[in-house]
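Residue strings, one per chain:
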Amino acid sequence: MSMQHVIKKAVIPAAGIGTRMLPATKAQPKEMLVIVDKPVIQYVVEEAVLSGITDILIIISDGKEVLREHFSKDQLLEDLLRRKGKMAELEEIIKLTTLCNIQFEYQHEQKGLGDAILCAEKFVGNDPFAVLLGDTIIESPQPLTGLLARDYEKTQSPVVALQQVGLSIAHRYGVFVGDKISDRFYKATQLVEKPPKDNIPSNMVFSGRYVFTPDIFRHLRNTAPGVNDEIQLTDAMRSLMTERDLYGHLFDGVRHDVGNKLDFIKTNVLLGLKNEEMKNQLKAWLGSL
Ligand code: G1P
């Protein structure tokens, strides 16, 4: 396999306003909300790193500089922790700021997910790349972005992560219709972003992880605003499908969308129950309610 076929770059859109989490997200980006003991964006970056990604571009909006600070070296903090002999914490902080090469780009106007991805065109260049939504944590036996990267290596085609949801909630998502190729693997025939409730073509939806080839940018540039008057990534993908095959991978795992209040609480509890240090006490407390 030559190097250019391996996915090393990832784009993490994190420029959205977080309206469903207000007032928590008034001064704090939703990607910085804490799940158990670290911000959402750190889970996303860690999945990328475990998937073999070495270069990340995070798309932020004005006022979200704290995302950059979270991943930057902080010499004062390191010195302080060293002086106080807090070596475990020091090690964790150093690890966090040396995970991989992380750059930032601004999307100044919130014109949709498709427009946010367009901000990554220069960073991506001629390489295939992954996209990980910055407000979505995926729990799966193997890092999901890595699985999509393997699919890409086999097919040399764009591939999106899919999950099955109830038909009554599919209108909230980008919906995928396709022909089954093999176990958990589908070739797309139709894609619709947030279809009307009375016309849901499939229960398979996009789950916030994608691998694209750089030709997606040409389609993104020619995509007019769609649902919610936003430039939709799904619309550009449908345009791309007129030129090349696009695949869907129905993954084995759970998607935690921390962009709404109830799921945010549920995610904290579910991941808290997986945390070695607190799981027993948390379980006992939940049982006592
Ligand atoms: C976005 C995508 C949609 C996808 C969803 C997954 O929508 O546009 O296709 O299914 O993320 O979380 P949003 O949740 O930003 O409205």
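Residues numbered from 1 in each chain as written. Predicted model: local features only at pLDDT ≥ 70, side-chain atom pairs only at ≥ 80, totals over all residues. Heavy atoms only, no water.

**Q** Outline the overall build of the chain, listing residues and values.
**A** Regarding its fold elements, the chain presents 11 helices and 13 strands. A globule of 289 residues ought to have a C-alpha radius of gyration of about 19 Å, and the chain, at 19 Å, matches this closely. Based on the C-alpha atoms only, the size of the chain along its principal axes is roughly 60 × 45 × 40 Å. Among the 289 residues that make up the chain, the fraction classed as buried is 49%. Looking at the chain alone, contacts between residues at least 24 apart form 76% of all its contacts between residues at least 6 apart. Accessible area for the chain stands at about 14,500 Å²; split by element, carbon and sulfur atoms hold 52% of it. In the chain, 35 side chains carry a positive charge and 38 a negative one; their mean positions are 3 Å apart. (Helix = DSSP H or I, 4+ residues; strand = E, 2+ residues; numbered from the N terminus. Rg over C-alpha atoms; globule rule 2.2 N^0.38 Å. Buried < 20%, exposed > 50% of the residue type's maximum accessible area, 1.4 Å probe, protein only. Contact = heavy atoms within 4.5 Å. Areas by Shrake-Rupley, 256 points an atom, 1.4 Å probe, with all protein chains shown as cover. Lys, Arg positive; Asp, Glu negative; His and termini not counted. Charge placed at Lys NZ, Arg CZ, Asp CG, Glu CD.)

**Q** Can you tell me about the state of the cysteines, naming the residues and giving the values?
**A** Applying the stated rule across the entire model yields zero disulfides. Not engaged in a disulfide, the cysteine Cys 100 finds its nearest cysteine sulfur in Cys 119; these two sulfurs lie 19 Å apart. A relative accessible area of 18% means that Cys 100 is categorised as buried. (Disulfide = S-S within 2.5 Å.)

**Q** Can you lay out the packing of helix 3 (residues 75-83) against helix 4 (residues 87-96) for me, pointing to particular residues and giving the numbers?
**A** Where helix 3 contacts helix 4, the two axes come as close as 8 Å, and the packing angle between them is 160°. One way to sum up the angle between helix 3 and helix 4 is to call them roughly antiparallel. The element helix 3 and its partner helix 4 pack so that their crossing is left-handed. Every residue of helix 4 that contacts helix 3 at Leu 77, Glu 78, Leu 81 and Arg 82 is listed here: Met 87, Glu 89, Leu 90, Ile 93 and Ile 94. (Axes fitted to C-alpha atoms, helices over the stretch in contact; angles between N-to-C directions. Parallel < 35°, antiparallel > 145°, perpendicular 65-115°, else oblique. Left-handed = near helix turned anticlockwise from the far one by under 90°.)

**Q** Help me get a handle on helix 7 (residues 144-155), residues and values and all.
**A** Look at helix 7: 17 Å from first C-alpha to last across 12 residues, which is about the 16 Å you get at 1.5 Å a residue. Listed in full, the buried residues belonging to helix 7 are Leu 144, Thr 145, Gly 146, Leu 148, Ala 149, Asp 151, Tyr 152 and Glu 153. A positive phi of about 55° marks Gln 156, the residue just after helix 7. (Expected span 1.5 Å × (residues − 1).)

**Q** Report on the pairing of strand 6 (residues 129-132), specifying residues and quantitative values.
**A** Both faces of strand 6 are covered, namely the face carrying Phe 129 and Val 131 and the face carrying Ala 130 and Leu 132. One ladder, built from three bridges, connects strand 1 (residues 9-14) with strand 6; its direction is parallel. Opposite Ala 10, over in strand 6, you have Ala 130 as the bridge partner. Direction of pairing for strand 6 relative to strand 11 (residues 204-212): antiparallel, over a ladder of four bridges. Bridge pairing links Phe 129 to Phe 212 in strand 11. (Pairing = 2+ DSSP bridges.)

**Q** Run through the nonpolar core, naming residues and quoting values.
**A** Ile 12, Ile 41, Val 45, Ile 56, Ile 58, Phe 71 and Ile 102 are the most contacted members of the largest nonpolar core, which totals 33 residues. Listing elements by their share of this core, those giving two or more residues are strand 1, helix 1 (40-50), strand 4 (55-60), helix 2 (66-71), strand 5 (101-106), strand 6, helix 7 and strand 8 (159-164). Not counting residues up to four positions away in its chain, the partners in contact with Ile 41 are Ile 12, Ala 14, Glu 31, Met 32, Ile 58, Leu 67, Phe 71 and Gly 134. Among the nonpolar cores identified, the runner-up in size contains 32 residues, and Ala 120, Phe 123, Leu 191 and Met 204 belong to it. (Core = buried A, V, L, I, M, F, W, Y, C linked by side-chain atoms within 4.5 Å.)

**Q** Can you tell me about the pattern of salt bridges, naming the residues and giving the values?
**A** In total, this model carries 16 salt bridges according to the counting rule given. Residue Asp 235 is joined to Arg 238 by a salt bridge in which the shortest nitrogen-to-oxygen separation is 3.0 Å. Of the two residues, Asp 235 and Arg 238 both sit in helix 9 (residues 233-240), three residues apart, roughly one turn of that helix. (Salt bridge = Lys/Arg side-chain N within 4 Å of Asp/Glu carboxyl O.)

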